[in-house]
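Coordinates in review
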Amino acid sequence: MKAISELLEATTARAIPVVRGVPEERLDAPTPCADYDVRALLNHLLSVIVNFQALAAKEDADFTTTPDRTTGSDWRAAFEDESARLVKAWAGPGAEEGTTGAMGLPARTVGHMVLLDTTVHAWDLARATGQEYEAVPEVVAELGPAVEAMAPMARQYGVFGEPVSAPEDASEFERLLATTGRDPRWSPR
């Protein structure tokens, strides 16, 4: 079983070029994540990455606000820097041990949550901005059972939508996307 930090390092390495490739003129574009346009999704993802650093250290996280980091700063560089901090935080001693967060979930489960957000939202951003994105196979294999296990609670809290039917020839990643409520063949209008 690979460490969450190793899996995060692999998935952020694929997410960083997607974030770098988001053009300013596409910040108001829709995404497969119906509640978010590109700007809101970037801000959400940056907040997730910062808050899950705290959770790795068994500190409190604040999900009550999502600052707009896409104006007046180099949000692309910030994403890269915060991603490196995230990997480092999850590589810290005890990061995967015990429980963390307000709900007292097992730390590895919480690690799966940030791994899922980083992977799926990189795909969302790529789709919304006409870029290619290929999920890390090891990450998808790790997330498959975790997503199935967390799906009922995630739907209850509105984190996942209702599952979508995946095409018969769907890849493992497309099936994972469908479980989260995304149309794996989504494209902008």
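Residues numbered from 1 in each chain as written. Predicted model: local features only at pLDDT ≥ 70, side-chain atom pairs only at ≥ 80, totals over all residues. Heavy atoms only, no water.

A few words now on the environment of Gly94. With respect to the element layout, Gly94 can be found in the loop between helix 3 (75-91) and strand 1 (99-100). Judged by relative accessible area, Gly94 falls into the partly exposed class, the value being 27%. Sequence separation between Gly94 and Lys58 is 36 residues; the distance between their C-alpha atoms is 9.0 Å. (Helix = DSSP H or I, 4+ residues; strand = E, 2+ residues; numbered from the N terminus. Buried < 20%, exposed > 50% of the residue type's maximum accessible area, 1.4 Å probe, protein only.)

On to the pattern of salt bridges, then. Inspection of the entire model under this criterion finds 11 salt bridges. The shortest N-O distance in the salt bridge between Glu24 and Arg76 comes to 3.1 Å. Here the residue Glu24 occupies a position in the loop between helix 1 (4-20) and helix 2 (38-56), and Arg76 occupies one in helix 3, the gap between them amounting to 52 residues. By relative accessible area, Glu24 is classed as partly exposed at 43%. The partner of Arg85 in a salt bridge is Glu82, and the shortest N-O contact between them spans 3.3 Å. Separated by three residues within a single helix, Arg85 and Glu82 lie in helix 3, roughly one turn from each other. (Salt bridge = Lys/Arg side-chain N within 4 Å of Asp/Glu carboxyl O.)

A few words now on the packing of aromatic side chains. Enumeration according to the criterion identifies two aromatic pairs in this entry. With a centroid separation of 5.7 Å and 70° between ring planes, the pair formed by Phe52 and Phe63 is classed as edge-to-face. Here Phe63 lies in the loop between helix 2 and helix 3 and Phe52 lies in helix 2, a separation of 11 residues in the sequence. By relative accessible area, Phe63 is classed as partly exposed at 45%. An angle of 55° between the planes, with centres 6.3 Å apart, marks the rings of Tyr133 and Phe173 as tilted. Taken together, the positions of Tyr133 in the loop between helix 4 (107-128) and helix 5 (137-156) and Phe173 in helix 6 (residues 172-179) put the pair 40 residues apart, joining distant regions of the chain. For the pair shown, Tyr133 and Phe173 are each scored as buried. (Phe/Tyr/Trp six-rings, centres within 6.5 Å; stacked < 30°, edge-to-face > 60°.)

The analysis is restricted to geometry; functional conclusions fall outside its scope.
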